[in-house]
Amino acid sequence: APGAGAGAERCPAAWLPALQLLRRGSKAVTRHWKAMHFQRQKLLALTEYLPPRPAVPPRCLPRRTAGEQEEDGYARVLRGQLEDTLRASRMVAVCQYNSMAEEDVATLRHYLRRHNIHLKFVLNEVARPVLAQSRYRSLLPLFVCRNVLLVSPEARAREMLRVLKGVPQVNLLGACIDDTILSRQGVENFARLPSLEVSQGQTVAALSLLSSQTSSLLQRGPAHLTALLDEHIRRLRGTGGATEPPPGQSTGSH
């Protein structure tokens with residue numbers, strides 16, 4: 001079959017690819033699992049960290065209730081800062097805070113800082129535990145809403161009321177000035193009092209007046225007696241001494 005032979009010769013040439021890629025070089029390296037040496041296994045077993053066992057098994061400890069929560073470190077830092085602030089302040093005022101714009105808050109801080117008064121934002125969850133263990137425990141009923149503290153190392157009640165008069169969003173509820181708890185009316189009465197220097201001057205003047213009056217009362221009797229004696233001597237000299245016997249003459253009859 002000459003026709004069949006001719007077709008068989010043409011068929012392989014027709015199926016040859018136009019481009020042939022020949023791989024040259026070594027084969028790709030593949031990593032295979034290899035067992036760890038027994039000495040390294042012993043070393044890892046000896047150096048393995050074993051946590052210490054608790055002194056009391058966890059099943060013997062009381063279960064944590066739903067209300068108990070782990071203490072937050074940030075809250076502990078805030079409580080420490082509040083304790084330092086209260087310890088260094090002579091005046092601590094509690095105010096109710098309503099929403100204000102940031103520009104108004106910055107302006108309020110500026111005017112208060114001019115009188116050495118500082119504005120402190122505190123959370124009730126942070127302030128209540130601190131106040132309960134300090135001399136400010138009487139201020140706890142005031143912390144029922146969003147509050148701010150106005151603290152100062154000096155008693156600046158008059159300046160504080162003057163600044164708060166123009167800020168209706170901050171309402172004064174009460175204060176503690178020189179370890180004395182005052183209401184809003186008490187703070188206003190305290191602000192009307194004169195300054196310490198004026199009070200000291202008035203006290204010194206009152207004490208000096210009492211001592212001068214006492215001295216004048218003690219000197220009035222001797223001065224009056226001296227005046228009477230001087231008047232009596234003057235009258236005797238005015239009459240020419242008729243009532244007085246001359247020297248060396250006796251008033252009796254012989």
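All of these numbers come straight from a predicted model, not from anything done at the bench. (Residues numbered from 1 in each chain as written. Predicted model: local features only at pLDDT ≥ 70, side-chain atom pairs only at ≥ 80, totals over all residues. Heavy atoms only, no water.)

## With respect to the nonpolar core
Right, so step 1: Leu150, Met160, Val170, Leu172 and Val187 are the most contacted members of the largest nonpolar core, which totals 25 residues.
Right, so step 2: Every element with two or more residues in this core is listed here: β1 (91–97), α4 (102–113), β3 (147–152), α6 (157–164), β4 (170–177) and α7 (184–192).
Right, so step 3: No other element matches the five residues that α6 contributes to this core.
Right, so step 4: In this view, Met160 contacts Met91, Ala93, Ile117, Leu150, Leu172 and Val187; residues no more than four positions away in its chain are not counted.
Right, so step 5: Counting residues in hydrophobic clusters, the runner-up holds 15 residues, among them Val92, Val130, Leu139 and Val151. (Core = buried A, V, L, I, M, F, W, Y, C linked by side-chain atoms within 4.5 Å. Buried < 20%, exposed > 50% of the residue type's maximum accessible area, 1.4 Å probe, protein only. Helix = DSSP H or I, 4+ residues; strand = E, 2+ residues; numbered from the N terminus. Contact = heavy atoms within 4.5 Å.)

## Describing the pairing of β1
Right, so step 1: For β1, the tally of buried residues reaches six of seven residues, placing the bulk of the element in the interior.
Right, so step 2: Across six bridges, β1 lies against β3 in antiparallel orientation. Considered in β3, the bridge of Cys95 is made with Val148. (Pairing = 2+ DSSP bridges.)

## A look at the confidence of the model for the chain
Right, so step 1: With 79% of its residues at a pLDDT of at least 70, the chain reaches an overall mean of 81.
Right, so step 2: Between residues 1–8, whose pLDDT stays under 50, and residues either more than four places distant or in other chains, the model counts zero contacts.
Right, so step 3: Low pLDDT, under 50, characterises residues 249–254; the stretch is placed with one contact to residues that sit more than four places away or in other chains. (pLDDT = per-residue confidence, 0-100.)

## Some thoughts on the packing of aromatic side chains
Right, so step 1: Within this structure, the stated rule accounts for one aromatic pair.
Right, so step 2: Here Tyr97 and Phe121 contribute two aromatic rings whose centre-to-centre distance is 5.1 Å and whose plane-to-plane angle is 90°, an arrangement assigned as edge-to-face. Placement of the pair is Tyr97 in strand β1 and Phe121 in strand β2 (residues 118–121), with a sequence separation of 24 residues.
Right, so step 3: The class for Tyr97 is buried, based on a relative accessible area of 9%.
Right, so step 4: We classify Phe121 as partly exposed; its relative accessible area is 35%. (Phe/Tyr/Trp six-rings, centres within 6.5 Å; stacked < 30°, edge-to-face > 60°.)

## Topic: the packing of helix α3 (residues 73–87) against helix α5 (residues 124–132)
Right, so step 1: The N-to-C vectors of α3 and α5 enclose an angle of 50°; their axes lie 9 Å apart at closest approach. As the angle between them shows, α3 and α5 are arranged oblique. Crossing geometry of α3 relative to α5 is assigned as right-handed. Together, Leu78, Arg79, Leu82, Glu83 and Leu86 of α3 and Val126, Ala127, Pro129, Val130 and Leu131 of α5 make up the contact between the two elements.
Right, so step 2: Of the residues contributing to the contact of α3 with α5, the split by class is eight nonpolar, no polar and two charged. (Axes fitted to C-alpha atoms, helices over the stretch in contact; angles between N-to-C directions. Parallel < 35°, antiparallel > 145°, perpendicular 65-115°, else oblique. Left-handed = near helix turned anticlockwise from the far one by under 90°. Nonpolar A, V, L, I, M, F, W, Y, C, P; charged D, E, K, R; others polar.)

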